[in-house]
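Spelled out from the first residue to the last, the chains are:
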Protein chains: 2
Amino acid sequence: MAASSASSSMMKTSRRALVRRTRSHVTTRCATTAPASPATLSAKNEGKGKRVMIVGGDGYCGWATSLHLSARGYKVAIVDNLCRRSFDDQLGLNSLTPIVGIHERVRTWGELTGNDIELMVGDVTDYEFLGESFKSFEPEAIVHFGEQRSAPYSMLDRSRAVFTQYNNVIGTINCLYAIKEFAPDCHLVKLGTMGEYGTPNIDIEEGYITIEHNGRTDTLPYPKQGGSFYHLSKVHDSHNIHFAAKAWNIACTDLNQGVVYGISTEETMIDERLINRLDYDSVFGTALNRFVIQAAVGHPMTVYGKGGQTRGFLDIRDTVQCLQIAIDNPASKGEMRVFNQFTEQFSVNELAEIITKAAPKVGLSPEVINVPNPRTELEEHYYNAKNTNLKDLGMQPHLLGDNIIETLLQYAVQYKDRCDKTLIMPSVSWKESGSKVVTHGNVKA
Amino acid sequence: MAASSASSSMMKTSRRALVRRTRSHVTTRCATTAPASPATLSAKNEGKGKRVMIVGGDGYCGWATSLHLSARGYKVAIVDNLCRRSFDDQLGLNSLTPIVGIHERVRTWGELTGNDIELMVGDVTDYEFLGESFKSFEPEAIVHFGEQRSAPYSMLDRSRAVFTQYNNVIGTINCLYAIKEFAPDCHLVKLGTMGEYGTPNIDIEEGYITIEHNGRTDTLPYPKQGGSFYHLSKVHDSHNIHFAAKAWNIACTDLNQGVVYGISTEETMIDERLINRLDYDSVFGTALNRFVIQAAVGHPMTVYGKGGQTRGFLDIRDTVQCLQIAIDNPASKGEMRVFNQFTEQFSVNELAEIITKAAPKVGLSPEVINVPNPRTELEEHYYNAKNTNLKDLGMQPHLLGDNIIETLLQYAVQYKDRCDKTLIMPSVSWKESGSKVVTHGNVKA
């Protein structure tokens, strides 16, 4: 596939550039990078003006995807209610990196590249808002990242569990109705999670499994076992989308994404005002990024339980690549196509080991501690998930190697003074989730 | 099992009594039946004071179950927000039978039998209300019928789709939290639906299926394919319950119930003020009951599409029997046990044929018409669902025979003047569901 090969070779160049740039900034916390030439970016036009609405475009994956597509000639609109920022405000959390407001982000991007991103601040659970967004932007594809995406947040208390399922499930139903009503040819690209599958004792297929039973055969949705009210909300979305795709002849892609690591994509490195968020706290931080930051700030790496928990992982540069591939190769109408979006599997112990090995190269020597597992999950289990659909469409993985770990560690060291170490230890227990609402102070360990 | 044998023989007696009673009333629309002796009912004490909270106890299945259990010595509390009545008010629908208000129902039951049912009017999506109900009643079992239960209602428009999923999913999450917080030993008996499974091309097992795949084996949740936002809401409930049972060590039973037919249970026949509701409209009426009423009022029986759609069915006397069995034999803590709750399978065409055959015995000769199918569903398909778990616990089915059809036809004839024939033809199209809110007049065909 021409488009993704081009994008892949560009990413390789960018990755080398990133390493150089980051190293030179290791001691200057607030340094900004000189802007890339707008001409460089505007030369790319793979997207040919395709109109892509990105719900949740202010978030970690959403922001990187918005810039990636905008740089490649797609006409991008970000739809976001900014609730991810308000969760930080509520709970006293912060991104390790100093992200600026969405208005400044979008303005900066336009000034530096000449590519305008449309910004619509509002909530997709509000159908009037969503309907107007559809009518004014007329999307050809909608990427739906706009969900509460933390398992611990969903288990903080009853109120957050309800918020998570309401926000995610109703937001997705509204997107389906909006497509049906205002843009019937629009392709829904919905972010699910590999966590929908749980940890079955058989291979994990991509969305569907062919079952032979009592002499008959059918291909059915793969059985789901979400491990938190968050993961379950995405299980619910998948079922709702599967139904609506058939009933209303809508084209849908469900991307069951693994745990994303990394921080930089080519575009977010152009200027510090375009920097992406980097979460290290126990509520929003995820395994690999969190360990890197722990190593960088001199906190032991916190392995939950035995550490045999195995999951699929991918570099954020592959997130943006996969999204582009999904958009460029739409599902058929009436189909919910499912891709497992990850590149490699690691156990938590393996991650800690990889970081322990790489750390001395940047002058760090992190410890590893096993802490009581706050979650209800198997700590030793079989895990073998398929991920061939995206590779078949041309996805070329950035595999986890020493280089990316070193780069990430240096990045984390650069911003380590922004880290509030009291936010690192696990603070949300699956078993203790209750109706007593957790207020600010309680999420500190 | 002693309890269910006793209850079964009692039901047989009651069935004969019912046939006699109904026949004698065939021309007297508002006649009340002489009250049974309170002594007769208070003599039964199978429940031995077990405290059972029935959420949705004012509905079709809930009311019959409440009286059935109360008559057998269980201490019953009905929790209901009465929204089923308000749906009738909204859409201009009515029960064929003249049901009285819940306060009068409960008062009448207490006066006639000496068995008090506690009444708590409120909404389980309101956790403060639900928490107080738990604290004051201290349930040992909670039967959760309290969901929006109509597939067409959920497909009326976007607003009803969202209401259905919000109401059902959040209500069930709240019940799980209330059990965890206030009654950790309370057994959750949750009404699911056979419709969660859809119509797979393999046998339908009870909740779980053992899959051998690439040389490995696991027993996993049976794949679900709900055919409306209503059916999907129950799919979501099942996933949420499965998780919470394990994470919080709660005892749960998920009853995937088939289509219920019939009207009378022993208790609802004692006095006309205890009469159960009987829905015939295209939104809340279900296949068998709806056909019977169509036959009784001289309207052709409306087969949707080809009529090969096959489903599981059961007599309402078996609903109340199954509920008692589930309560008497609780699930283990940490387990979500699944029972398929139906007794026989029929296609829509078979139902129409059965009624056509029985009708002349009560002087009726109904027509059958095929109308365009308002739903998105297969009209010819394989269907073979297991239902052994409840039978293994002693359930003794009331099978569909000429007797019950005749009785039902006579019952419908008795109240036929209350029928608004404009409510009969299908009025809710799966393909046309949109954001335009359907108001009263629109649900008439």
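Residues numbered from 1 in each chain as written. Chains lettered and ligands numbered in written order. Predicted model: local features only at pLDDT ≥ 70, side-chain atom pairs only at ≥ 80, totals over all residues. Heavy atoms only, no water.

Engineer: Got a minute to help me understand the packing of aromatic side chains in this structure?
Structural biologist: The way to describe two aromatic rings as a pair is by their centre distance and the angle between their planes. Residue and element names in this part refer to chain A. A full pass over the atoms with the stated rule returns 25 aromatic pairs over all chains. Ring geometry for F87 and F163: centres 5.9 Å apart, planes at 85 degrees, overall edge-to-face. Here the residue F87 occupies a position in helix α4 (residues 83-91), and F163 occupies one in helix α8 (residues 158-182), the gap between them amounting to 76 residues. According to the relative accessible area criterion, F163 is partly exposed, its value standing at 29%. By way of ring pairs, the aromatic residues F87, Y153, F163 and F284 are connected into one cluster. Residue placement shows K180 over the ring face of W248; its charged tip is 5.4 Å from the ring centre. (Phe/Tyr/Trp six-rings, centres within 6.5 Å; stacked < 30°, edge-to-face > 60°. Helix = DSSP H or I, 4+ residues; strand = E, 2+ residues; numbered from the N terminus. Buried < 20%, exposed > 50% of the residue type's maximum accessible area, 1.4 Å probe, protein only. Lys NZ or Arg CZ within 6 Å of the ring centre and 35° of its normal.)

Engineer: How should the interface of chain A and chain B be read in this particular structure?
Structural biologist: Interface size is often expressed as the accessible area that is lost when the parts come together. The interface of chain A with chain B comprises 55 residues on the first partner and 55 residues on the second. Taking both partners together, chain A and chain B bury about 4,900 Å²; carbon and sulfur atoms supply 63% of that area. It is Y177, R216 and F243 of chain A that lose the most area in chain A upon contact with chain B, and together they represent 13% of the buried surface on that side. Run the count over chain A and chain B and you get zero salt bridges. The interface formed by chain A and chain B includes 28 residue pairs in polar contact (both at pLDDT 80 or more). For the side of chain A that touches chain B, the elements supplying multiple residues, two or more each, are α8, β6 (208-213), β7 (216-221) and α9 (229-248) of chain A. Examining the composition of the side of chain A that touches chain B, we find that 12 residues originate from one element, α8 of chain A, more than from any other. When its residues are assigned to classes, the side of chain A that touches chain B shows 24 nonpolar, 18 polar and 13 charged. (Contact = heavy atoms within 4.5 Å. Buried area = accessible area lost by both parts, 1.4 Å probe. Salt bridge = Lys/Arg side-chain N within 4 Å of Asp/Glu carboxyl O. Polar contact = N/O pair within 3.5 Å; in protein donor to acceptor, adjacent residues only side chain to side chain. Nonpolar A, V, L, I, M, F, W, Y, C, P; charged D, E, K, R; others polar.)

Engineer: Teacher, can you tell me more about the pairing of β6 of chain A here?
Structural biologist: Taken residue by residue, a regular strand's side chains alternate between the two faces of the sheet. Residues and elements named next belong to chain A. Only one face of β6 is buried: it carries I209, I211 and H213, and the other face, with Y208, T210 and E212, is open. Here β6 pairs with β7 via six bridges, running antiparallel. Bridged to T210 within β7 is T219. Linkage of β6 to β7, two consecutive antiparallel strands, is achieved through a turn of two residues, within which N214 is found at a positive phi near 50 degrees. (Pairing = 2+ DSSP bridges.)

Engineer: Any chance you could explain the UniProt feature "domain: NAD-dependent epimerase/dehydratase" (unreviewed entry) in chain A here in plain terms?
Structural biologist: Following the UniProt record, one finds the feature "domain: NAD-dependent epimerase/dehydratase" (unreviewed entry) at residues 52-340 of chain A. Regarding residues 52-340 of chain A, the helix share stands at 40% and the strand share at 21%, and the terminal C-alpha atoms are separated by 21 Å. (UniProt positions renumbered as here; feature names shortened; annotations may be inferred.)

Engineer: Please explain the relation of the copies chain A and chain B as it appears in this structure.
Structural biologist: Think of it as a corkscrew move, a rotation about one axis and a shift along it, taking one chain copy to the other. Note on the copies: chain A fits chain B at an RMSD of 0.0 Å, the axial shift is 0.0 Å, and the rotation between them is 180 degrees. Expressed as a symmetry operation, the mapping of one chain copy onto the other fits a two-fold axis. The fraction of interface residues of chain A whose copies in chain B are also interface residues reaches 100%, indicating that both copies meet through the same surface. (Least-squares fit on C-alpha atoms with pLDDT ≥ 70 in both.)

Engineer: Honestly, the packing of helix α10 (residues 287-297) of chain B against helix α12 (residues 348-358) of chain B in this entry has me stumped. Any pointers?
Structural biologist: Between two packed helices, the angle of one axis relative to the other and the distance separating the axes together describe the packing. All names here are of chain B. Relative orientation of the contacting elements α10 and α12 amounts to 40 degrees, with a least axis distance of 10 Å. Considering how the two elements wind past one another, α10 and α12 form a crossing that is right-handed. On α12, the residues touching A287, L288, F291, V292 and A295 of α10 are V348, L351, A352 and I355. In terms of residue class, the contact of α10 with α12 is built from nine nonpolar, no polar and no charged. (Axes fitted to C-alpha atoms, helices over the stretch in contact; angles between N-to-C directions. Left-handed = near helix turned anticlockwise from the far one by under 90°.)

Engineer: Hey, could you run me through the sheet that holds strand β9 (residues 259-261) of chain A in this one?
Structural biologist: What holds strands together in a sheet is hydrogen bonding between their backbones, with the strands either parallel or antiparallel. All names here are of chain A. Spatially, the three strands line up as an open sheet ordered β9-β11-β13, and their pairing is mixed. Looking along the sheet, the strands with just one partner apiece sit at the ends: β9 and β13 (344-347). This sheet shows a mean twist of 45 degrees between the axes of neighbouring strands, independent of strand direction. The pairing of strand β11 (residues 310-315) with β13 spans four bridges and is classified as antiparallel. If you follow R311 over to β13, its bridge partner there is F346. Most of the contacts of helix α12 (residues 348-358) go to β13, to which it runs at about 90 degrees, and overall it touches β11 and β13.

Engineer: I would appreciate a short explanation of the environment of G262 of chain A in the present structure.
Structural biologist: Residues and elements named next belong to chain A. With respect to the element layout, G262 can be found in the loop between β9 and α10 (287-297). For G262 and I404, which are 142 residues apart along the polypeptide, the C-alpha to C-alpha distance reads 7.6 Å. With residues near it in sequence (within four places) discarded, G262 still touches Y60, L278, N289, I316 and L408.

Engineer: Looking at this structure, how should I read the pairing of strand β11 (residues 310-315) of chain B?
Structural biologist: Residues and elements named next belong to chain B. With five of six residues buried, β11 is to be regarded as a mostly interior element. By the bridge criterion, three bridges tie strand β9 (residues 259-261) to β11 in an arrangement that is parallel. Within the sheet, the bridge partner assigned to V260 lies in β11 and is L314.

Engineer: Explain unusual backbone geometry to me, please; I cannot follow it from the model alone.
Structural biologist: What is expected of a backbone is that most residues other than glycine have negative phi and most peptide bonds are trans. All names here are of chain B. Positive phi outside glycine occurs at N214, with the angle close to 50 degrees. Along the polypeptide, N214 turns up in the loop between β6 (208-213) and β7 (216-221). In this structure, N249 takes a positive phi of about 60 degrees despite not being glycine. Mapped onto the fold, N249 is located in the loop between α9 (229-248) and β8 (252-257). Taking relative accessible area as the criterion, N249 reaches 41% and is therefore assigned partly exposed.

Engineer: Before we go on, may I ask you to explain the pattern of salt bridges in this structure?
Structural biologist: Close approach of charged atoms allows side chains of opposite charge to pair. Residue and element names in this part refer to chain B. Overall, the coordinates contain 44 salt bridges over all chains when judged by the stated rule. Note that D279 is salt-bridged to R84, the shortest N-O span being 3.0 Å. In this pair, D279 is assigned in the loop between β9 and α10 and R84 in helix α4 (residues 83-91), connecting sequence segments 195 residues apart. When its relative accessible area of 6% is taken as the criterion, D279 is described as buried.

Engineer: I would appreciate a short explanation of the sheet that holds β9 of chain B in the present structure.
Structural biologist: Residues and elements named next belong to chain B. Strand order in the open sheet made by the three strands is β9-β11-β13, with mixed pairing throughout. Each end of this open sheet is capped by a strand with a single partner; those strands are β9 and β13 (344-347). Looking at each pair of strands side by side, their axes are set apart by 45 degrees on average, direction ignored. Together, β11 and β13 form the strand contacts of α12, whose direction differs from that of β13 by roughly 90 degrees.

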